[in-house]
Amino acid sequence: MIACSNGKRGRGVAVGPIISQTLPDIFCDNEYGGNFLFRNNGNGTFTDVASQTGVEDAKQHGRGVALADFNRDGKIDIVYGNWNGPHRLFLQLPNRKHRFKDIATSKFSMPSPVRTVIAADFDNDNEMEVFFNNIAYRGPSANRLFRVSRREHGDPQIEELNVGEAAEPEGRGTGARQERFTAEETDVLVRAVKGREVALYGYGRNPPKLAIVKQAWEDIAAIVSTAGIPRTSHQCRTKRYNDVRRRGKSKLAGNTRTRRVTGGGSASTQDLTPAEDIAVSTLTAESFEGFGGLEVGTQPNTVAVQPQGTLTN
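Reading the values: rules and limits
- Residues numbered from 1 in each chain as written.
- Predicted model: local features only at pLDDT ≥ 70, side-chain atom pairs only at ≥ 80, totals over all residues.
- Heavy atoms only, no water.
- Axes fitted to C-alpha atoms, helices over the stretch in contact; angles between N-to-C directions.
- Helix = DSSP H or I, 4+ residues; strand = E, 2+ residues; numbered from the N terminus.
- Left-handed = near helix turned anticlockwise from the far one by under 90°.
- Contact = heavy atoms within 4.5 Å.
- Nonpolar A, V, L, I, M, F, W, Y, C, P; charged D, E, K, R; others polar.
- Expected span 1.5 Å × (residues − 1).
- Buried < 20%, exposed > 50% of the residue type's maximum accessible area, 1.4 Å probe, protein only.
- Arc of directions from axis to C-beta.
- Core = buried A, V, L, I, M, F, W, Y, C linked by side-chain atoms within 4.5 Å.

Taking an unreviewed UniProt entry as the reference, the protein is identified by name as Myb/SANT-like DNA-binding domain-containing protein belonging to Alosa alosa.

Time to look at the packing of helix H2 (residues 183-194) against helix H4 (residues 210-225). Axis separation between H2 and H4 bottoms out at 9 Å; the angle between their running directions is 145 degrees. Between H2 and H4 the crossing geometry is right-handed. Each of Glu185, Val188, Leu189, Ala192 and Val193 in H2 lies in contact with H4, whose residues at this interface are Trp217, Ile220, Ile223 and Val224. Of the residues contributing to the contact of H2 with H4, the split by class is eight nonpolar, no polar and one charged.

Attention now moves to H4. When the terminal C-alpha atoms of H4 are compared, their 23 Å separation across 16 residues agrees well with the 22 Å that a helix rising 1.5 Å per residue should span. All buried positions along H4 are accounted for by Val213, Ala216, Trp217, Ile220, Ala221 and Val224. Within H4, the buried residues cover an arc of 140 degrees as seen down the axis, which keeps them to one side.

A few words on the nonpolar core. Of all hydrophobic cores here, the largest spans 17 residues; its most connected members are Phe70, Val79, Leu89, Phe108 and Val130. Elements with a contribution of two residues or more to this core: strand S5 (62-68), strand S7 (85-92), strand S9 (114-120), strand S10 (128-134) and strand S11 (144-149). Apart from the residues within four sequence positions on either side, Phe108 is in contact with Val79, His87, Arg88, Leu89, Val130, Phe132, Arg144, Phe146 and Ile158.

Next up, the structure:
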């Protein structure tokens, strides 16, 4: 539980390994007081380092927050809105002091009555977009969308995009979410699956037990949820299944080009476990019920995909 004191009101919370290597830290954007960035001490306690890291923003009123690695340097960055104040895109600097700098352009930071902020690769171009969901408060206020593109030397480039019908200037929206997995979520998913390969796919010719498979996907979902929005075991399993199927189609087509980015992830996220790599040529639309439940033989030509029962949340 996070409690605000001294009149502060929490308006947005994001959890992830922001400044810790693997442990979940907590960022809170507040109104009527500075933000919190709680560093995980690894012993069940947290230390607020917002001031030391440069993300306190004490004179603004935060609304909505998202985490993402906007320049793909392996460090988590923070984007959030301020109610009728300048919106922020805090890029984590490439040093061990865990300092951030605001790289928001004048258009990006333009004040608005923002309620929700989403960071995702909406158009699957391997670049992140940021969506500001505004509310028509004392007049029209359209939603806005920006692309944040990596540059080899220098900070990411920020470009405003045409949000089309999603602008809704008279809208009264107070919340939004994205369903596509981000690159960070996909990377976490892949690592979690690889760490549970035996539980998901069995060993040799021995298929896994359904109860063990179900529990493994529940554990994976809990881990992936720390990297973004809450995910269910069904979402994680469907995402991985679709990635494996795409990889299988690519291999069968003899595609030797660099693996195409799919599902919001980077090329590295398409690496498969040995069991999945054997199974890619056998997966069909009908084999989903057996996925993560795959019975995989020791030889590629003995592979068989057999349903292990319906897995539900």
